[in-house]
Structures are given as structure tokens and as C-alpha cells.
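# Geometric and topological summary
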Amino acid sequence: MTRDSRRPFGRLLTAMVTPFRADGSLDVDGAARLAAYLVDEQHNDALVINGTTGESPTTSDAEKETILRAVVEAVGDRAQVVAGVGTFNTHHTVELARSAEKAGAHGLLVVTPYYNKPPQAGLLAHFRTVADATGLPMMLYDIPGRSGVPIATDTFLRLAEHDRIVAVKDAKGDLTASSWVLRDTDLAYYSGDDALTLPLLSIGATGLVGTSTHLTGAVATRLISAYHDGDTAEAVRLHRQLLPLFTGIFRTQGAILVKAAMNAKGLPAGPMRPPLVDATEAELAQLRADCDAAGLPL
């Protein structure tokens, strides 16, 4: 698969939910159908499988490999499949990365180790070790609101020296810090916060790794293309149109509302796994209102 260094994973990616059956078991066929919907109807260039939106904290390593293989088989000929492999354990992350490579993944998404709050020297060693473990290109995921530790600018500069560390999913919400990394490295930046896609594009970002894009993908693609084509007025218009869903999908944990939306549309999703819980009727009603406000009725 030919890779453009300016957009190594395309411009639009969705962090896909993991469909479960009513009894809580993995819905493998449903995952393949949902992946096809996201690629063919929502115009995603790539999908992230086994990310947090995919409820990775509650899926086993064997389930992660099974779901990844199913998605690669379903859409891997026309979209990239990026495996979320990040954990708070470097050795376990390496094991997941190698398993993902064997399963046919086209790239890796590696989140900052969470909860144990390593210093920057630990982050540097962690990410380099994972990058050394496979031949796959890697996207760093900077989300201090969940991990507890930001990736410092100097750490990014040093990580960018690694040939296989090629991109960042940026959910730090610090446009100044992101600007410095974009200025001083060739890392491709993807917004990890749907509502900050346009601001990040304005400082040189490539695209979006989205959650609301289960619903907004086709329009979000137009937003990103409009900006890159120089039609900033259209990009702003689409940003404002999608804002109710860009933000509304996170009124509670994003996967909860995405699954509620997919279930309402008759697409594979199923229930949440504990400790996450299914959306309430009130949350679903608000989601429908947000969809209406974004011009994408549920």
C-alpha cells in the first residue's frame, strides 16, 4: 500500500467501537459489517481498531486479535487498519504490537502509558521500544486527560527521529505546543478531539481520528478537503454544522453514545461491557437532538 508521508494514514480515521452480541460476546461478523459501513458510507481512509472507543480495557488479547483480523479481511484492501496496542506495560504493548503486525495491521496507535505516570525518560524509552518491535508505522496518542501525563515537546522532537514514528493523535488541547512540534518535525498531526479538527488544520495538521465520525464521517471528510483545497469559508461552515455532534458525542463516554447511535440505525454495536453502561433513554433523546442540530438525523 502506497503511503504519503504528509498523511501516512490518510486524512480521516474513525476509532471504531467493538460490536458485542446481546450476551456480551464478540460480534465478529458485525465488526466486519460496521467496518465496511465506515469505509464505504462514511468515507474513512483508515480505521483504528482496539482503541479506547473500542473498549480495549475490557477485551482480551485473543479478542483483540480476532477483531483485528476480521476488519483487515473486510476492508484492508481499500482502507488502512490501525491497531490500538497501547497499555501501561511496555512488554505487553510490544506483545500486542507484534500480534497486530501478524494479524495484518497497517499501522499502530500507541497511547501514553496511563495511570502509572512515567517521567518523560520513561515515555521516550517506552515509545522507542514499541517502535523497534515491528516494521509498522506508528502514531503516538497524546491524551493527558486520560493518561495523566502529557508528551512534552522535547520528547516529541526526540521521538520524531525514529523512522517508524510518523504521526500523532493529538488530544492535548494545547495548540501552542502542537505548533512547535509541527514547526520542528515532520510528524503528521491528527486531531484526537473532533471539535478541534479545524483549529489544528489551521496550524498544519493532516486530519482527524474521530469518534463522532461514526455519524459525521462523510461530512467531516468534506470539511478536511475544503480546508486543504483552500476553501476556508466552506470548512468553517461545515465545522459549525458538525459542532453539535463533535461535542455532543462526548456528553458521556464517547463509545456509549456511538453504540446507542449505531444500534438506533440498525448497525452492529450491541451493549457496552462493564464498567461502562448503555445509554439511558434521556441520553439517546439528547443524542437525537444533537444529530438533528448537525443536519444528520438519527
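Residues numbered from 1 in each chain as written. Predicted model: local features only at pLDDT ≥ 70, side-chain atom pairs only at ≥ 80, totals over all residues. Heavy atoms only, no water.

If you look the protein up in an unreviewed UniProt entry, it shows as 4-hydroxy-tetrahydrodipicolinate synthase from Hamadaea flava. Turning to the protein, the UniProt record has this under Catalytic activity (unreviewed entry): "L-aspartate 4-semialdehyde + pyruvate = (2S,4S)-4-hydroxy-2,3,4,5-tetrahydrodipicolinate + H2O + H(+)". Of the protein, the UniProt comment under Function (unreviewed entry) reads exactly: "Catalyzes the condensation of (S)-aspartate-beta-semialdehyde [(S)-ASA] and pyruvate to 4-hydroxy-tetrahydrodipicolinate (HTPA)." (UniProt positions renumbered as here; feature names shortened; annotations may be inferred.)

On to the sheet that holds strand β6 (residues 165–170). Spatially, eight strands are ordered β1-β2-β3-β4-β5-β6-β7-β8 in a closed barrel, and the strand pairing comes out parallel. Each adjacent strand pair in this sheet contributes to an overall mean axis angle of 25°, direction not counted. As judged from the four bridges shared by β6 and strand β7 (residues 188–191), these two strands associate in the parallel manner. Bridging across to β7, Lys169 finds its partner in Tyr190. (Pairing = 2+ DSSP bridges. Helix = DSSP H or I, 4+ residues; strand = E, 2+ residues; numbered from the N terminus. Axes fitted to C-alpha atoms, helices over the stretch in contact; angles between N-to-C directions.)

Take the pattern of salt bridges next. Evaluation of the coordinates by the stated rule reveals 10 salt bridges. Ionic pairing is found between Glu65 and Arg69, a salt bridge with its closest N-O pair at 3.0 Å. You can see Glu65 and its partner Arg69 sitting in helix α2 (residues 61–75), four residues apart, about one turn around the helix. You can call Glu65 partly exposed: its relative accessible area is 30%. With a shortest N-O distance of 3.0 Å, Asp142 and Lys172 are connected by a salt bridge. With Asp142 in strand β5 (residues 138–142) and Lys172 in the loop between β6 and α7 (175–184), this residue pair connects regions lying 30 residues apart in the sequence. The class for Asp142 is buried, based on a relative accessible area of 1%. Shared partners join several salt bridges into a network, and the residues in it are Asp40, Asp77 and Arg78. (Salt bridge = Lys/Arg side-chain N within 4 Å of Asp/Glu carboxyl O. Buried < 20%, exposed > 50% of the residue type's maximum accessible area, 1.4 Å probe, protein only.)

Moving on: the packing of helix α11 (residues 254–264) against helix α12 (residues 281–293). The relative placement of two packed helices comes down to the angle between their axes together with the axis-to-axis distance. Interaxial distance between α11 and α12 falls to 10 Å at its minimum, and their mutual angle equals 75°. Classified by the angle their axes make, α11 and α12 are roughly perpendicular. Where α11 abuts α12, its residues Leu257, Ala260, Ala261 and Ala264 lie against Glu283, Leu284, Leu287 and Arg288. Here the contact of α11 with α12 is built from residues that sort into six nonpolar, no polar and two charged. (Parallel < 35°, antiparallel > 145°, perpendicular 65-115°, else oblique. Contact = heavy atoms within 4.5 Å. Nonpolar A, V, L, I, M, F, W, Y, C, P; charged D, E, K, R; others polar.)

What follows is about the side chain of Lys259. In this fold, Lys259 is placed in helix α11. For Lys259, a relative accessible area of 2% corresponds to the buried category. Engagement of the side chain of Lys259 in a polar contact is seen with the backbone oxygen of Thr18, the distance being 2.8 Å. Here Lys259 is in contact with Val17, Thr18, Phe20, Glu55, Ala269, Gly270, Pro271 and Met272, once residues within four sequence places are set aside. (Polar contact = N/O pair within 3.5 Å; in protein donor to acceptor, adjacent residues only side chain to side chain.)

This part covers helix α10 (residues 232–248). Counted at 1.5 Å a residue, the expected span for α10 with its 17 residues is 24 Å, and the 24 Å between its end C-alpha atoms agrees. At Leu242, α10 is bent by approximately 50°, the largest bend along its length, and proline Pro244 sits one to four residues beyond. Residues Ala235, Leu238, His239, Leu242, Leu245, Phe246 and Gly248 constitute the buried set of α10. For α10, the elements touching its buried residues are α8 (197–202), α9 (213–228), α11 and α12. (Expected span 1.5 Å × (residues − 1). Bend = angle between axes of the 7 residues up to and from the residue.)

Attention shifts here to the layout of surface pockets. Of the pockets and cavities examined, the largest pocket occupies roughly 520 Å³. Considering the residues around the largest pocket, the lining is formed by 25 residues, among which Thr52, Ser56, Pro57, Tyr114 and Arg146 are closest to the centre. Elements with a contribution of two residues or more to the lining of the largest pocket: α2, β4 (107–111) and α5 (144–147). Looking at the lining of the largest pocket, its residues break down into 10 nonpolar, 11 polar and four charged. Put simply, the second largest pocket is a space of about 330 Å³. What lines the second largest pocket is a set of 25 residues, among which Tyr141, Ile143, Gly192, Thr211 and Phe250 lie closest to the centre. Within the lining of the second largest pocket, the residues separate by chemical class into 11 nonpolar, 10 polar and four charged. (1 Å grid on protein atoms, 1.4 Å probe; cavity = no way out; pocket = protein on both sides within 12 Å on 5 of 7 lines; lining within 4 Å. Points joined across faces, edges and corners; volume = space filled by probe spheres on them.)

Here we take up the packing of aromatic side chains. Aromatic rings considered in pairs are described by the distance between their centres and by the relative angle of their planes. One pass over the full model with this rule turns up two aromatic pairs. Judged by centre distance (5.0 Å) and plane angle (45°), the rings of Phe88 and Tyr114 are tilted. Residue Phe88 is found in the loop between β3 (80–84) and α3 (90–102), and its partner Tyr114 is found in the loop between β4 and α4 (120–133); the two are separated by 26 residues along the sequence. Among the residues examined, Phe88 registers a relative accessible area of 46% and is labelled partly exposed. We classify Tyr114 as partly exposed; its relative accessible area is 30%. Plain terms: the ring middles of Phe156 and Tyr189 are 6.3 Å apart, the flat faces sit at 55° to each other, and that makes the pair tilted. Placement of Phe156 in helix α6 (residues 153–159) and of Tyr189 in strand β7 is noted, with a sequence separation of 33 residues between them. (Phe/Tyr/Trp six-rings, centres within 6.5 Å; stacked < 30°, edge-to-face > 60°.)

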